[in-house]
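Chain by chain, the residues:
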Amino acid sequence: MDNKSRDKRQETRDKRPRAGQKPGNSQRRSNQKGRPQQTNSQQGVKAERKPTVSRGAAVRAQKRTQMDAQRVANQYMPAQIDERGRANFIDDSPRLKIIGLGGMDGGGSKNMILVEYMNDAVIIDCGNDLSVDLPGINYGIADTAYLDTIQHKLRAYVITHGHLDHIGGLPHIVPKFPAPIYGSKFTIGRVEEIFGNFGLPMPEGFELQTVEMNENTHERLKIGEFYVELVRVTHSIPGSTCVVIDTPVGRILNTGDFRFDPNPLDHERTDMERLIELGNEGVLALLSESTTVERMGRTPSESTIEQSFVDIMNQAPGRIFVGVFSTNMNRIQMIVNAAVHHGRKVAIDGRSMVSTLEMAVRHGFMRIPKGTFIPIASVPGMSDDKLVVICTGSQGEPSSALQRMANGEHRHIKLKEQDTVILSSTPIPESGNDALIGQMVDDLTKNNVHVFEHRNHELDNVGPLHVSGHASRDEYAEMIHMLKPKFFIPIYGAYRVKQRHIELAIEQGIPRANCINALNGEVLALTPDKIELVGEVPSGTILVDQTGAIVSNVVVKDRVLLAEEGLVAVVLTIDRKTGNLLTSPDIISRGFIYMREQEEMMNGLRAELRRAVSQRFKRIDIDRFKIELKDHMTHYLFEQTGRSPIVIPVVNVIAGKSEKQQAAQVENKPAEPQKTPEQIAAEQQARFQAMRERLLNQDPRVD
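The paragraphs below set out a description of the structure included in this document. (Residues numbered from 1 in each chain as written. Predicted model: local features only at pLDDT ≥ 70, side-chain atom pairs only at ≥ 80, totals over all residues. Heavy atoms only, no water.)

Another aspect to go through is helix H11 (residues 351–362). Given 3.6 residues per turn, any residue in an α-helix points the same way as the ones three and four places further on. Its twelve residues place the ends of H11 17 Å apart at the C-alpha level, agreeing with the 16 Å of an ideal helix rising 1.5 Å per residue. Among all positions in H11, only Met353, Ser355, Thr356, Leu357, Met359 and Ala360 are buried. As for H11, its buried residues are in contact with helix H7 (185–197), helix H10 (329–341), strand E15 (345–349) and strand E16 (387–391). Phi turns positive one or two residues past the end of H11, at Gly364, with a value near 80 degrees. (Helix = DSSP H or I, 4+ residues; strand = E, 2+ residues; numbered from the N terminus. Expected span 1.5 Å × (residues − 1). Buried < 20%, exposed > 50% of the residue type's maximum accessible area, 1.4 Å probe, protein only. Contact = heavy atoms within 4.5 Å.)

This is the structure in structure tokens:
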């Protein structure tokens, strides 16, 4: 949710009266002669209540609430397709088209770029967006509505590296639009890992096809009309690459995420020589990631933090817990090396970390001395000064291993006073994780645990604990300088940051007219001499819940409304013949008010419901009656509280008799065995309670 929307909704809430209070004078109609109004109990049920707020004001307030909820949900809208015309962009001219279906905003998320020429297309990356902050939503993926129209052209998915914002959408999208997946050895291992761990079944007949490419030998594979090559770059995960695509129009290069580390732990430095060769041969268009282009200078080498772990382990008196990204194998290798140096055993915790580590060891990307690892269940039996636990949770993720330890909810580990926690990370840009990390550090500190954070490493008298996996400004400039592209397209970053990247490209000699800051869905058309925006295709976000199932935008809107305003449901049981209520209206409130503290308002609502039934039920059809009842309740509740909850009226029409008629009938039949009033009441209560459970989703609770 953006700050503007959040501030507006907060301002709206601040202006509303609290539950049980009347709106202020500006919202009231003045009473004639200044006489005070009587309550419902003073007037009696049959007396007509004089509303203090107009129905129009209640309707407008409800619309504002719904618009606020829709605005929040619209931040992650699916593609908007015009049903009156063609939903796709049609252009069969011999131009190269580059379309960002994801990754062109939001700090670089659900990264997915389509490269299309005539009858061939490849997709570079296919990620998810883990920063989505909506009720019940796990992440978002790019909407693939446009792929429906060009499915016959799709030849391959080419992946730059194995982070989820670049591969997390594959299990959802590839089964629907099958094509082989190309990448480095480690990247393909990660792809197979996420498909293996995906919670939902694959469609019948689907078979995952992967192709490992060697980024060190500069092999080129023909895919349709394209030739594809991977070039090694340094990032925070092994197997990171640039993607080079030679097309009939010219060569394009997608940098993926990168940095120029002169001394990485795995000695897999960026292949600068090959990048310079490509630049000398000629690059038509450079698509360069832009995540941290606003950071000055150069990103420090990973080797600068190695000694920091050794120093902390020298002085730590007890157990050591290190929170780190689950895919940062170089960092994990570094921590393992420091632990072995100090004679400590290592336990790994966090499902994603264990899965990735197993894959890395299996493919030879990690070197672990025999006997170093122990099961996490063995931690309580280990000597405190002989243990290091490497775990997920460096971003404060709610279900991560470190967060569960901080909350005291971990199955095997209870933190104690001499424990040390190291957070070897910084908040992911544009993710909003700062607050999550801060709360987790608070919880850790309450357990008397000493926490080392990178941002405070100088205050703690230790060396740096984290280096970014992304380049800084001088490195971004160097990439442009080496490749000397004719056209420049910043990708994988927030719009404002991409604009900074364009200014940097201009400083490196790229004409401003040859730089374009494109949005998701915008179509860039390239010829050897020209680049231009030529149209737009459907684009958006598909939301996914914890099970992997797709969640509709309409459902998200309702969830936001429920979270903001709550729900009020009423159950009316009405005699079909007489039109009378057979029992007092049942009212259920969830997330709106606590009914036991608002008894007078609930009695007033019941009186309003009785009056509505007696005046309108037999005069109009049932569907119209429900609509009027919903509007009437909305008006009444807004008048009383200044809030507009979701209102659900349930009208159950049955053949029955009122309570008075039933009692009179019992008195007039002395010959038959009489039931006591208590028995009658108990039977009625049981019958209506069962009815409520069926009508209200098996929820028998009433406040």
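And the narrative resumes.
The next thing to look at is the pattern of salt bridges. A side chain with one charge may pair with a side chain of the opposite charge, provided their charged atoms come close. Inspection of every chain in the model, using the stated rule, returns 27 salt bridges. A salt bridge links Asp120 to Arg155, with the nearest nitrogen and oxygen atoms 2.8 Å apart. Of this pair, Asp120 sits in strand E3 (residues 120–124) while Arg155 sits in strand E6 (residues 154–158), and the two are 35 residues apart along the sequence. Assessed through its relative accessible area of 8%, Asp120 is described here as buried. Put simply, Lys486 and Asp529 hold a salt bridge, and the shortest N to O gap is 3.4 Å. (Salt bridge = Lys/Arg side-chain N within 4 Å of Asp/Glu carboxyl O.)

Scanning the model with the defined rule gives five aromatic pairs in all. A centroid spacing of 4.9 Å and a plane angle of 85 degrees characterise the contact between Phe186 and Phe365, whose relative ring orientation is edge-to-face. Of this pair, Phe186 sits in helix H7 while Phe365 sits in the loop between H11 and E16, and the two are 179 residues apart along the sequence. Relative accessible area serves as the criterion here: at 0%, Phe186 is assigned to the buried category. Within the aromatic cluster, the residues linked to one another by ring pairs are Phe258, Phe260 and Tyr476. (Phe/Tyr/Trp six-rings, centres within 6.5 Å; stacked < 30°, edge-to-face > 60°.)

To continue, consider the pairing of strand E10 (residues 226–232). The buried count for E10 comes to six of seven residues, which makes it a mostly enclosed element. Two elements, strand E9 (residues 220–223) and E10, share four bridges in a ladder whose sense is antiparallel. Bridging across to E10, Arg220 finds its partner in Glu229. Between E9 and E10, which pair antiparallel one after the other, the connecting turn spans two residues, and Gly224 there sits at a positive phi close to 60 degrees. (Pairing = 2+ DSSP bridges.)

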